[in-house]
Amino acid sequence: MPQLSRRAFASALPLGLLGGALISGAPALAAAQNTAKTPANITPLAQIRIGRFTVTALTDGYADMPFGYFPGRAPAEVEQAAVAQFTARPSGVRFLFNQYLIDDGERLILIDAGAAGSIGQTGKLPQALGALGLQPDQIDAVIVTHMHQDHMGGLIAGGRNNYPKAELYIDRRDVIHWTDPAKRSGAPDYLQTSFKMAEDVVRFYPKLQAIDGEREIVRGVSIVDLAGHTPGHIGVRVEDDGKSLIMVSDMIFPVVHPGATDVFFLFEQDRAAAKAMRDRFFPRAASEGALIAATHMAFPGLGRVVADRGQMRWEVADWALQD
Ligand SMILES: [Zn+2]
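Quantities reported herein were computed from a predicted structural model and do not represent experimental measurements.

Engineer: What's the story with the overall build of the protein chain in this structure? I'm lost.
Structural biologist: Each helix and strand in the protein chain was counted, giving nine helices and 18 strands. The buried share of the protein chain, taken over its 323 residues, is 48%. Once local pairs closer than 6 in sequence are excluded, the contacts in the protein chain between residues at least 24 apart make up 68%.

Engineer: Is there a simple way to think about the packing of aromatic side chains in this case?
Structural biologist: A ring pair, where both rings are aromatic, is described by two values, the distance of the centres and the angle of the planes. Under the definition given, this model contains 10 aromatic pairs. For the pair Phe95 and Phe253, a centre-to-centre distance of 5.4 Å together with 15 degrees between the ring planes defines the contact as stacked. Taken together, the residues span a long stretch of sequence, with Phe95 in strand β4 (residues 92-103) and Phe253 in the loop between β15 (243-249) and α9 (271-288) at a distance of 158 residues. The exposure class assigned to Phe95 is buried, which follows from its relative accessible area of 0%.

Engineer: What exactly am I supposed to notice about the coordination of the zinc ion here?
Structural biologist: Angles between donor atoms at a metal ideally measure 109.5 degrees for a four-coordinate tetrahedral arrangement and either 90 or 180 degrees for a six-coordinate octahedral one. The protein atoms that coordinate the zinc ion are Asp150 (OD), His151 (NE2), Asp250 (OD) and His296 (NE2), at distances spanning 2.1 to 2.2 Å. The site at the zinc ion holds four donor atoms, and with the angles between them running 90 to 163 degrees, its shape is irregular. Each donor residue of the zinc ion belongs to the same chain, and together they define the spacing D-H-x98-D-x45-H. Note that Asp150 is positioned in helix α5 (residues 149-152) and His296 in the loop between β16 (292-294) and β17 (302-308), a separation of 146 residues in sequence. Exposure remark for His296: the relative accessible area of 1% places this residue in the buried category.

Engineer: Would you mind going over the environment of Leu245 with me for this structure?
Structural biologist: On the secondary structure map, Leu245 appears in strand β15. With a relative accessible area of 2%, Leu245 lands in the buried category. Taking the C-alpha atoms as reference points, Leu245 and Ile48, 197 residues apart in sequence, are found 9.7 Å from one another. Aside from chain neighbours lying at most four places away, what touches Leu245 is Ile48, Ile50, Val55, Val236, Arg237, Val238, Leu291, Ile292, Ala293 and Leu302.

Engineer: What is the right way to look at the sheet that holds β15 in this model?
Structural biologist: Each strand in a sheet pairs with its neighbour through backbone hydrogen bonds, running either in the same direction (parallel) or in the opposite one (antiparallel). As summarised here, the arrangement of the seven strands in space is β12-β13-β14-β15-β16-β17-β18, forming an open sheet in which the pairing is mixed. Both outer strands of the open sheet, β12 (216-218) and β18 (311-316), are each paired with one neighbouring strand and no more. Averaged over neighbouring strand pairs, the angle between their axes works out to 35 degrees when direction is ignored. For strand β14 (residues 234-240) and β15, the ladder comprises five bridges, and the chain directions are antiparallel. Note that in β15 the partner of Val236 across the bridge is Met247. Sheet contacts for α9: β13 (221-225), β14, β15, β16, β17 and β18; angle to β17, the most-contacted strand, approximately 90 degrees.

Engineer: Would you take a moment to explain the pattern of salt bridges for this structure?
Structural biologist: Pairs may arise between side chains of opposite charge once their charged atoms sit close together. Tallied over the entire structure, the rule returns 17 salt bridges. We note a salt bridge from Asp104 to Arg107, for which the minimum N-O separation is 2.8 Å. Note on Arg107: relative accessible area 32%, which makes it partly exposed. Between Lys196 and Asp200 there is a salt bridge, with its nearest N and O atoms 3.1 Å apart. Residue Lys196 and its partner Asp200 are both found in helix α8 (residues 192-204); the two are separated by four residues, about one turn of the helix. Salt bridges linked by common partners bring Asp308, Arg309, Arg313 and Glu315 together as one network.

Engineer: Can you help me understand empty space enclosed by the protein in this one?
Structural biologist: Picture a little ball the size of a water molecule; that probe, rolled over the atoms, points out where space is still empty. Counted under the stated rule, the structure contains two cavities of 30 Å³ or more. Taken together, Met65, Phe95, Phe97, Ile119, His148, Asp150, His229, Asp250, Phe253, Phe265, Phe267 and His296 make up the lining of the largest cavity. Across the lining of the largest cavity, the residue classes break down as seven nonpolar, three polar and two charged. Looking at the second largest cavity, its volume works out to about 30 Å³. Along its surface, the second largest cavity is lined by Arg237, Ile246, Phe281, Arg284, Ala285, Glu288 and Ala290. Per element, the largest residue contribution to the lining of the second largest cavity is four residues, and it comes from α9. Looking at the lining of the second largest cavity residue by residue, the classes come out as four nonpolar, no polar and three charged.

Engineer: Which parts of the structure should I look at to understand the side chain of Thr145?
Structural biologist: Relative to the helices and strands, Thr145 is located in the loop between β7 (141-143) and α5. Only 3.1 Å separates the side chain of Thr145 from the side chain of His146, close enough to count as a polar contact. Sequence-distant contacts of Thr145, that is, excluding residues within four places in its chain, are made with Ile111, Asp112, His151, Gly232, His233, Ile234, Met247 and Ser249.

Engineer: Help me out: how do you make sense of the confidence of the model for the protein chain in this one?
Structural biologist: A low pLDDT means the predicted coordinates there should not be read in detail. Here the protein chain averages 90 in pLDDT, while 87% of its residues score no lower than 70. Confidence over residues 1-30 falls short of pLDDT 50; this stretch has 20 contacts with residues more than four positions distant or in other chains.

Engineer: Is there a simple way to think about the nonpolar core in this case?
Structural biologist: Buried together is how nonpolar side chains tend to be arranged in soluble globular proteins. Phe70, Val142, Leu155, Tyr163, Leu168 and Val201 are the most contacted members of the largest nonpolar core, which has 50 residues in total. Leave out the neighbours within four places in its chain, and Leu168 touches Val142, Val144, Leu155, Val201, Tyr205, Lys207, Leu208 and Gln209. In this structure, Val55, Ile109, Met247 and Ala293 belong to the second largest nonpolar core, which totals 27 residues.

Cut-offs and rules
Residues numbered from 1 in each chain as written. Predicted model: local features only at pLDDT ≥ 70, side-chain atom pairs only at ≥ 80, totals over all residues. Heavy atoms only, no water. Helix = DSSP H or I, 4+ residues; strand = E, 2+ residues; numbered from the N terminus. Buried < 20%, exposed > 50% of the residue type's maximum accessible area, 1.4 Å probe, protein only. Contact = heavy atoms within 4.5 Å. Phe/Tyr/Trp six-rings, centres within 6.5 Å; stacked < 30°, edge-to-face > 60°. Donors = N, O, S within 2.8 Å, 3.2 Å for Na, K, Ca; no water. Tetrahedral: all angles 85-135°; square planar, octahedral: opposite > 155°, others 65-115°. Pairing = 2+ DSSP bridges. Axes fitted to C-alpha atoms, helices over the stretch in contact; angles between N-to-C directions. Salt bridge = Lys/Arg side-chain N within 4 Å of Asp/Glu carboxyl O. 1 Å grid on protein atoms, 1.4 Å probe; cavity = no way out; pocket = protein on both sides within 12 Å on 5 of 7 lines; lining within 4 Å. Points joined across faces, edges and corners; volume = space filled by probe spheres on them. Nonpolar A, V, L, I, M, F, W, Y, C, P; charged D, E, K, R; others polar. Polar contact = N/O pair within 3.5 Å; in protein donor to acceptor, adjacent residues only side chain to side chain. pLDDT = per-residue confidence, 0-100. Core = buried A, V, L, I, M, F, W, Y, C linked by side-chain atoms within 4.5 Å.

In structure tokens form, the structure reads like this:
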């Protein structure tokens, strides 16, 4: 059994504490030693293989959502739950903004584009792609799971299309909803940014393909209808060689899900629809043991819904050592 010297152990420790997950160990270690006082500069990446696909979890950053942003529960109840899970922050529940890059060896497909600075400490996706040696114009397709600002903000940069070569896929029900002036004028203030962005996205992406129902985008990558959080909220299933991953976007929020389905996030306008979808999805995910990627869960957002003595809970999945 290899012996790890005391010194090697000590120098390896900061890397583990940082939670940095760069693909190549040596540069990551050097970076950890050189920038021990500024660990936030290390861009986290996590890669898993699903058959012939490589899926890389990236993150645009994070924001803390006030405990009062979860209709269905009193702020104090949400705070108490966060405290019990050791995840309470002074300013609320920490949401990550994770994106997933699918590489099938021929094409690069990005799921979601991040908030791009429109919420909290976000805008890191370009840096994360850069850490992989990628520029936005190398992305062949972007699938946007729904037209909330934290999922499509990064599509536009400096008043321009930020993924100029990419096909863009969004569910038609969301495109219709978020570009409807009547829906916009009746919506609360906190949704106005999303309406404005939706208008820009449609204008700047002539190659936008509105999706109708469940379909395959490329072989092994297909759209799953998870409508509820928004009218056209979708997931993406990646499947090959008996393995699969389903990116479920905003089906699951930290602290409150999947333990209950009668608790919501403020941005959800149709709560009955959101609840109905979670009532269907969580038990199905638990019985299938589906490997899930979720936008707002702690990085890299990979886990499973587990039914534990009748109570649903989130079980973080091992992603680093999957052999
Ligand atoms: Zn979201």
